[in-house]
Amino acid sequence: MPKVEIKQPIVDEIHASVKDAKAAVLVDYRGLTVAQDTQLRRNLREAGVKYKVYKNTFMKRAFENTDFAQLDDLLDGPSALAISGEDDVAAAARVIANFAKEAEALQIKGGVVEGTFYDEAGIKEIAKIPSRDVLLSRLLGSMQSPITNFARVIKQIAEKKAEGGDAAAAPAEAAAPAAEEAPAAEAPAAEAAPAAEAAPAE
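Note that this is a predicted model, so its numbers are computed, not measured.

### A word on the pairing of strand E1 (residues 23–28)
Here is step 1 of the chain: In terms of burial, E1 is a largely internal element, 6 of the 6 residues being buried.
Here is step 2 of the chain: Alternating residues of E1 divide into Ala-23, Val-25 and Val-27 and Ala-24, Leu-26 and Asp-28, and every residue in both groups is buried.
Here is step 3 of the chain: In this structure, E1 lies alongside strand E4 (residues 107–113), joined through 6 bridges in antiparallel fashion. In the strand pairing of E4, Ala-23 is matched with Val-113.
Here is step 4 of the chain: Taken together, the 4 bridges between E1 and strand E3 (residues 80–83) define a ladder with antiparallel strand orientation. Among the inter-strand pairings, Ala-24 is bridged to a residue of E3, identified as Ile-83.

What follows is the structure, encoded as structure tokens:
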């Protein structure tokens, strides 16, 4: 079978992966241990990123007429391609950049995100963009915070009112016994009245 026929399915595979892709990162994986390579692949897969090693000539042909043709000048030496999923265009950059902090042998060549080329430094900046799940979590947290604060304020107001009610009730209860004792004080005066009337009888 001619070599062209062998190569074409691989070129078609790469082209199918990148034609509608929003982002991809090219790396040099030389120097990674088997364990590191396995872990990197696992991390990328869990993040929804496609990762595969291809020959540079295959990728160059597959990149023709796509935004990823901007990576042609980086196709030198061993290269692996990481393609982000639609839900998180920064996923490939984030996983690779974070992994490279521990595995220094992993070298970022560059990448294309939303049609724009980025060198290694640029990809590391893209990597700082939080994942979709993190962004949603932060959004929900920011929405819940005012509600929580409002509920706390309402509770404090209710407690203050309850304390005020108890304080007002105490003087009222203290005044009640005094009012009940007042008629008893009038009784001796009433009894003294007949004695005063009896005095002229002498």
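There's more to say after this.
### Some points on the nonpolar core
Here is step 1 of the chain: Membership of the largest hydrophobic core comes to 26 residues, with the highest contact counts inside it found for Val-25, Val-27, Leu-40, Leu-44, Tyr-51, Ile-96 and Leu-106.
Here is step 2 of the chain: Within the residue set of this core, elements represented by two or more residues are E1, helix H2 (34–46), E3, helix H4 (91–102), E4 and helix H5 (120–126).
Here is step 3 of the chain: Of all the elements, H4 adds the most residues to this core, at 8 residues.
Here is step 4 of the chain: Setting aside residues no more than four positions away along its own chain, Leu-44 makes contact with Val-49, Tyr-51, Ala-92, Val-95 and Ile-96.
Here is step 5 of the chain: Val-18, Ala-21, Ala-24 and Leu-81 belong to the second largest nonpolar core, which has 17 residues in total.

Procedures and definitions
Residues numbered from 1 in each chain as written. Predicted model: local features only at pLDDT ≥ 70, side-chain atom pairs only at ≥ 80, totals over all residues. Heavy atoms only, no water. Buried < 20%, exposed > 50% of the residue type's maximum accessible area, 1.4 Å probe, protein only. Helix = DSSP H or I, 4+ residues; strand = E, 2+ residues; numbered from the N terminus. Pairing = 2+ DSSP bridges. Core = buried A, V, L, I, M, F, W, Y, C linked by side-chain atoms within 4.5 Å. Contact = heavy atoms within 4.5 Å.

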